[in-house]
Amino acid sequence: MSERVLMITGASRGIGAATARAAAAAGYRLVLTARSADALSALVDELGPETALALPCDVTDYANLTEAVQHAEDRFGRLDAVFANAGTSLHTSFLGNGGAEPEQWRDMVLTNVYGAAITARAALPALTRTEGHLLLTGSNAGRGIRPGNLYSATKWAVTGMAQNIRAECVGTGVRVTLIQPGMVETEMTEDTQDVPKLNAEDIANAALYALQQPPTVDVNELIIRPTGQQR
Ligand SMILES: NC(=O)c1ccc[n+]([C@@H]2O[C@H](COP(=O)([O-])OP(=O)(O)OC[C@H]3O[C@@H](n4cnc5c(N)ncnc54)[C@H](OP(=O)(O)O)[C@@H]3O)[C@@H](O)[C@H]2O)c1
C-alpha cells in the first residue's frame, strides 16, 4: 500500500470527490479542500479520519492555500501530489446574446485561472521537496473553439499554464499532468441534457493512472471524452 499524500482542491463534490475516493482506495492519504466545510467533513467521515483531512479553503485566497499546504505537511509529514481541480463555469456571450452579466465573469476567471495558478505557487515548494506531482484540471474546451464561451478561454489558460509550469519544473523531479475532461456528469453540467457524459469516476481513474506511473514517467496531458462527444 502506498502512503503518499495527495491534496485536492474542489474536493467537496464531482470530479474532486470521486478522485478522493479512488485515491483513498489506492492507499493515499488525502487533504481535501473546497469552500463547503460540511461536504468535506462528510467525505472525511466516509473515508476515515486517519486517511483524510478536511481543510476548507477558497482557491482565490493565497494565504488560505499556503496555510493548507503547511497544515498538510504538519499532519502527514509530506506532500507528494496536488490536484488543482477547483473550477466553476458560466454561460457567456461577448455579443450580449444572453448569458451571465460581465460582473459575474470575474469570479469564474479568478477561480479557474488565478486559483489554479496560486494553487501551483503555494504547492510547488512542498512538491519540490518530495519530487512530487502537480495535476491540473483543464478541459477539452481548453483546446478548441467554443463561440462566445469565456469558460473555454479560462481553460485555454490552464492548458498554457500547465505547459509553462512543467517547463519551469524541469530538473526539479516534479511531474505535471493536465487532465482535460470532455463532458462529465456533475453539478457543473446538470443543465446540459441529451449529450453523452462521463462519470466523475472516469476522470478519477485518469488522474490515478497519471499518479501511479513510476517517477521517471511524466504523463503531461490526458484528454478523456465520453464516446460519441461531438467536439
Ligand atoms: N463537468 C464537466 O463536464 C467538466 C469538463 C471539463 C472540465 N471540468 C472541470 O473539472 C473541475 C471540477 O468540476 P466538476 O465537474 O467536478 O464540478 P462541480 O461538481 O461543480 O465541482 C466543482 C468543485 O470546485 C470547487 N470550487 C469552486 N469554486 C471554488 C473556490 N473559489 N474555492 C475552492 N473551491 C472551489 C467546488 O467546491 P465548493 O463550492 O465547495 O467550494 C467543487 O468542489 C473544474 O475545474 C471544471 O472546470 C469539468
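Residues numbered from 1 in each chain as written. Predicted model: local features only at pLDDT ≥ 70, side-chain atom pairs only at ≥ 80, totals over all residues. Heavy atoms only, no water.

### Points about empty space enclosed by the protein
In total, this model carries 1 cavity of 30 Å³ or more according to the counting rule given. Considering the residues around the largest cavity, the lining is formed by 13 residues, among which Ala-84, Asn-85, Ala-86, Thr-111 and Ala-116 are closest to the centre. Looking at the lining of the largest cavity, the element that brings in the most residues is helix α4 (residues 102–130), giving 5 residues. A per-class count over the lining of the largest cavity returns 5 nonpolar, 7 polar and 1 charged. (1 Å grid on protein atoms, 1.4 Å probe; cavity = no way out; pocket = protein on both sides within 12 Å on 5 of 7 lines; lining within 4 Å. Points joined across faces, edges and corners; volume = space filled by probe spheres on them. Helix = DSSP H or I, 4+ residues; strand = E, 2+ residues; numbered from the N terminus. Nonpolar A, V, L, I, M, F, W, Y, C, P; charged D, E, K, R; others polar.)

### Some words on unusual backbone geometry
Positive phi values are uncommon outside glycine, yet Glu-131 reaches one of about 50°. Take Glu-131: its relative accessible area is 54%, and that puts it in the exposed class. The phi torsion at Asp-194 lies on the positive side, around 60°, for a residue other than glycine. Note on placement: Asp-194 falls in the loop between β6 (175–181) and α6 (200–211). (Buried < 20%, exposed > 50% of the residue type's maximum accessible area, 1.4 Å probe, protein only.)

### Here's the deal with the packing of helix α1 (residues 14–25) against helix α2 (residues 37–47)
In the contact formed by α1 and α2, the axes pass within 11 Å of each other and the chain directions differ by 20°. Taken together, α1 and α2 sit at an angle that is classed as roughly parallel. Here α1 runs over α2; the crossing is right-handed. On α2, the residues that touch Ala-17, Ala-20, Arg-21 and Ala-24 of α1 are Leu-43, Glu-46 and Leu-47. (Axes fitted to C-alpha atoms, helices over the stretch in contact; angles between N-to-C directions. Parallel < 35°, antiparallel > 145°, perpendicular 65-115°, else oblique. Left-handed = near helix turned anticlockwise from the far one by under 90°. Contact = heavy atoms within 4.5 Å.)

### A few points about the site of the ligand
Neighbouring the ligand are 29 residues; Ser-12, Arg-35, Ser-36, Tyr-151 and Thr-186 lie closest to it. One of the side-chain N or O atoms of Lys-155 is found 2.9 Å from an oxygen atom in the ligand. Bound to the protein, the ligand loses 96% of the 890 Å² it would expose on its own. In this structure the site holding the ligand corresponds to the largest pocket. Broken down by secondary-structure element, the contributors of at least two residues to the shell around the ligand are α1 and α5 (150–169). Among the residues forming the shell around the ligand, the class breakdown is 11 nonpolar, 13 polar and 5 charged. (Near = heavy atom within 4 Å. Polar contact = N/O pair within 3.5 Å; in protein donor to acceptor, adjacent residues only side chain to side chain. Areas by Shrake-Rupley, 256 points an atom, 1.4 Å probe, with all protein chains shown as cover. Sits in = over half its atoms within 2 Å of the grid points.)

### A closer look at the layout of surface pockets
The computed volume of the largest pocket comes to approximately 1,400 Å³. Surrounding the largest pocket, 50 residues form its lining, Thr-88, Ser-89, Tyr-151, Met-188 and Thr-189 being those nearest its centre. Those elements that place two or more of their residues in the lining of the largest pocket are α1, α4 and α5. In terms of residues, the lining of the largest pocket owes the most to one element, α1, which gives 3 residues. Of the residues that constitute the lining of the largest pocket, the class distribution is 15 nonpolar, 26 polar and 9 charged. Of the voids in this model, the second largest pocket is the one considered here, and its volume is about 200 Å³. Around the second largest pocket sit Ala-117, Ala-120, Arg-121, Leu-124, Pro-125, Thr-128, Met-161, Ile-165, Glu-168, Cys-169 and Thr-172, which together line it. Those elements giving two or more residues to the lining of the second largest pocket turn out to be α4 and α5. Among the elements that make up the lining of the second largest pocket, the one with the highest residue count is α4 (6 residues).

### Focus: the sheet that holds strand β3 (residues 52–54)
Here we have 7 strands laid out as an open sheet, ordered β3-β2-β1-β4-β5-β6-β7, and parallel in their pairing. Each having just a single partner strand, β3 and β7 (221–224) make up the two edges of the open sheet. Neighbouring strand axes in the sheet, compared pairwise and without regard to direction, differ in orientation by 15° on average. Sitting on the sheet, helix α3 (residues 62–76) touches β1 (5–9), β2 (29–33) and β3, and the angle it makes with β2 is about 155°. Packing of α5 onto the sheet brings it into contact with β5 (133–137), β6 and β7, and relative to β6 it is tilted by some 160°. (Pairing = 2+ DSSP bridges.)

### What about the packing of aromatic side chains?
Inspection of the entire model under this criterion finds 1 aromatic pair. Each ring, one from Phe-94 and one from Trp-105, has its centre 5.4 Å from the other, and the planes form 75°; the classification is edge-to-face. In this pair, Phe-94 is assigned in the loop between β4 (81–84) and α4 and Trp-105 in helix α4, connecting sequence segments 11 residues apart. Classification of Phe-94 as exposed rests on a relative accessible area of 56%. (Phe/Tyr/Trp six-rings, centres within 6.5 Å; stacked < 30°, edge-to-face > 60°.)

These figures come from the coordinates and say nothing about function on their own.
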